[in-house]
Amino acid sequence: MIEVDARGVVEFTQALVRVPSTNDPARGRDERPAAELVAAKMREWGWEPHVQEAAPGRPNVVAVVEGGGGEGPTLMFEGHTDVVTEGDLSEWTVDPFGGEIRDGRLWGRGSADMKSGLAATLYATRALQLAGPFPGRIKVCALADEEGLMIGAHHFVAEGLAADVDGAIVAEPEAGEICAVAKGALRLRVDLTGKMAHGAMPRHGRNPVPAAASLVAALETLEKELQDRHPAHEHLGEVYVTPTVVRAGSEEQVNVIPAVASVFVDVRTIPGVDHQEIAGRVGALAARDGIIAEVSILVDRPPVDVPVDDPVVAALAAAHRAVTGQEPVYGGVPGSTDGTVLTHWGGVPSVVYGPGGKWIAHQADEYVEVAEIVRCTRVFAEAARRFLTGDLS
Ligand SMILES: [Zn+2]
């Protein structure tokens, strides 16, 4: 087994939690302090991190660690440096940025999602490097803005940095499950435009409100049809088509037929479901005489479906078995991650695996088990060795 610096990885996680790197640009806060800490650690080890701004003040940090052991593939370790805001402080019983260790747990915002995972990728790579030469190389990436629009991952792909990557391990908290599949997300805005009129003379206008109501009702039928056509995925569950925002008129003008009504729809998909087709179907459902329906795609993140026998998944599974002595458990990511961007737009097979519970992310009193950080670092080091040497058994 590759020896890892157990104390170092835990202390570095604490240090990362202690720098607030909340994704809250409106209040002048972002991932920069965490990105700087990561870059400093890389330099301390003699790596040469490239810091690239995905947007002004939003740095991606990427270091390529050559194995020096001849030709081989390129493995990418990915983590994000931003965290969601701490939310209502009164719900916390610990300092969200204290990085305190108590009862075998490391507490704070980002402890699970995903500063421990990010620290584990760095320390795993360092451990493999210290263990001797290895074939190929590891690209260690700390990207910006995962919790926002994923501009870090998109920039990484747009810069061509994914082109030479053969497989990516994304260190999101998945409670030790190996997640090679992720649900897709499609967010739509439907604007229904009619004609404004006085409520006393409705025939003079064209009211988009009944059209909005019909659309909302029809979405339920569409969801049922999609669920019938695409049976629930074993790790991802069902397709959902959920109207989340309905907007029209104003309380101050109950006597006015509004010109426009808008319906926002949150669609969650599984492999095999086509996003363009759904957007088209929603547009068709919205169409009504005298009303102009316009569908805008706000977010389009397709589902991820990497086969379990892909080398990066197989290497991780073999490493999990070797380090923990337990059979790997396969799962699915309920939302999207940077892995979605890497796989769909970068063409890189990705798998998500990391320390911390699936459901603790974004909550008050977020924590990660200290032992899990160390175990995961060992699994990452072993997975990298296996992926790069082709030892997938
Ligand atoms: Zn995350």
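Here's what I pulled together on the structure shown here.

## Focus on the overall build of the chain
Stage number 1. Of regular secondary structure, the chain possesses nine helices and 18 strands.
Stage number 2. For the chain, whose C-alpha radius of gyration is 24 Å, the value lies close to the compact-globule estimate of 21 Å for 393 residues.
Stage number 3. Principal-axis analysis of the C-alpha atoms places the extent of the chain at approximately 80 × 45 × 40 Å.
Stage number 4. Residues classed as buried in the chain amount to 54% of the 393 residues present.
Stage number 5. Intrachain contacts of the chain at a sequence separation of at least 6 include 80% that bridge at least 24 residues.
Stage number 6. Accessible surface computed for the chain: about 16,500 Å², of which carbon and sulfur atoms make up 51%.

## Overview of the sheet that holds strand S14 (residues 292-301)
By definition, the strands of a sheet pair up through backbone hydrogen bonds, in either a parallel or an antiparallel sense.
Stage number 1. In spatial order, the strands read S11-S13-S9-S14; together these four strands make up an open sheet with antiparallel pairing. The open sheet has two edge strands with one neighbour each: strand S11 (240-248) and S14. Shown here is a sheet whose adjacent strand axes are inclined to one another by a mean of 15 degrees, direction ignored.
Stage number 2. Of the strand pairs in this sheet, strand S9 (residues 184-193) and strand S13 (residues 260-269) are connected by ten bridges, and their pairing is antiparallel. Bridged to Asp191 within S13 is Ser262.

## Comments concerning empty space enclosed by the protein
Stage number 1. Under the defined criterion, the tally for this structure stands at one cavity of 30 Å³ or more.
Stage number 2. Taken as a whole, the largest cavity holds about 50 Å³ of empty space.
Stage number 3. For the lining of the largest cavity, the secondary-structure elements that each account for two or more residues are strand S8 (178-182), helix H8 (338-344) and strand S17 (350-352).
Stage number 4. A breakdown of the residues in the lining of the largest cavity according to their chemical character gives eight nonpolar, four polar and no charged.

## A look at the layout of surface pockets
A water-sized probe rolled over the atoms picks out the places where empty space is left.
Stage number 1. There is about 470 Å³ of room inside the largest pocket.
Stage number 2. Looking at the largest pocket, it is lined by 22 residues, and the ones nearest its centre are Asp113, Glu147, Gly335, Ser336 and His362.
Stage number 3. When the residues that make up the lining of the largest pocket are grouped by side-chain class, the tally is seven nonpolar, six polar and nine charged.

## Here's the deal with the coordination of the zinc ion
Stage number 1. At this site the zinc ion is bound by His80 (NE2), Asp113 (OD), Glu172 (OE) and Glu172 (OE), with donor distances of 1.9 to 2.6 Å.
Stage number 2. Here the zinc ion is ringed by four donor atoms whose angles at the metal span 55 to 144 degrees, and the overall shape comes out irregular.
Stage number 3. Between consecutive donors of the zinc ion, the numbers of intervening residues give the motif H-x32-D-x58-E. Highlighted residues: His80 in strand S3 (residues 74-80) and Glu172 in the loop between strand S7 (167-170) and S8, separated in sequence by 92 residues. Per residue, the accessibility class of His80 equals that of Glu172, and both read buried.

## Remarks on the environment of Glu78
Stage number 1. Within the element layout of this structure, Glu78 appears in strand S3.
Stage number 2. In contact with Glu78, other than residues within four places in its own chain, are Met114, Thr121, Cys141, Leu143, Ile169, Val170, Ala171, Asp338 and Leu342.

## Topic: the packing of aromatic side chains
Stage number 1. Under the criterion given, the structure shown has six aromatic pairs.
Stage number 2. Here the aromatic rings of Trp107 and Tyr367 are separated by 5.1 Å at their centres, their planes lie at 50 degrees, and the arrangement is tilted. A residue pair is termed long-range when its members are at least 10 positions apart, and Trp107 in strand S5 (residues 105-107) and Tyr367 in strand S18 (residues 367-369) qualify at 260 residues.
Stage number 3. Feature note: the residues Phe12, Trp45, Trp47 and Tyr123 constitute an aromatic cluster, connected by ring pairs.
Stage number 4. When the ring centre of Trp107 is taken as reference, the NZ or CZ atom of Arg102 above it lies at 5.4 Å.
Stage number 5. Its guanidinium or amino end placed over the ring of Tyr367, Arg105 lies 4.0 Å from that ring's centre, counting from NZ or CZ.

## Let's talk about unusual backbone geometry
Stage number 1. Met114 follows Asp113 through a cis peptide bond whose omega is -10 degrees.
Stage number 2. Examined against the element boundaries, Met114 turns out to sit in helix H3 (residues 111-130).
Stage number 3. Positioned with a positive phi, His362 is a non-glycine residue whose angle comes to about 75 degrees.
Stage number 4. Of note, His362 is situated in the loop between S17 and S18.

Cut-offs and rules
- Residues numbered from 1 in each chain as written.
- Predicted model: local features only at pLDDT ≥ 70, side-chain atom pairs only at ≥ 80, totals over all residues.
- Heavy atoms only, no water.
- Helix = DSSP H or I, 4+ residues; strand = E, 2+ residues; numbered from the N terminus.
- Rg over C-alpha atoms; globule rule 2.2 N^0.38 Å.
- Buried < 20%, exposed > 50% of the residue type's maximum accessible area, 1.4 Å probe, protein only.
- Contact = heavy atoms within 4.5 Å.
- Areas by Shrake-Rupley, 256 points an atom, 1.4 Å probe, with all protein chains shown as cover.
- Pairing = 2+ DSSP bridges.
- Axes fitted to C-alpha atoms, helices over the stretch in contact; angles between N-to-C directions.
- 1 Å grid on protein atoms, 1.4 Å probe; cavity = no way out; pocket = protein on both sides within 12 Å on 5 of 7 lines; lining within 4 Å.
- Points joined across faces, edges and corners; volume = space filled by probe spheres on them.
- Nonpolar A, V, L, I, M, F, W, Y, C, P; charged D, E, K, R; others polar.
- Donors = N, O, S within 2.8 Å, 3.2 Å for Na, K, Ca; no water.
- Tetrahedral: all angles 85-135°; square planar, octahedral: opposite > 155°, others 65-115°.
- Phe/Tyr/Trp six-rings, centres within 6.5 Å; stacked < 30°, edge-to-face > 60°.
- Lys NZ or Arg CZ within 6 Å of the ring centre and 35° of its normal.

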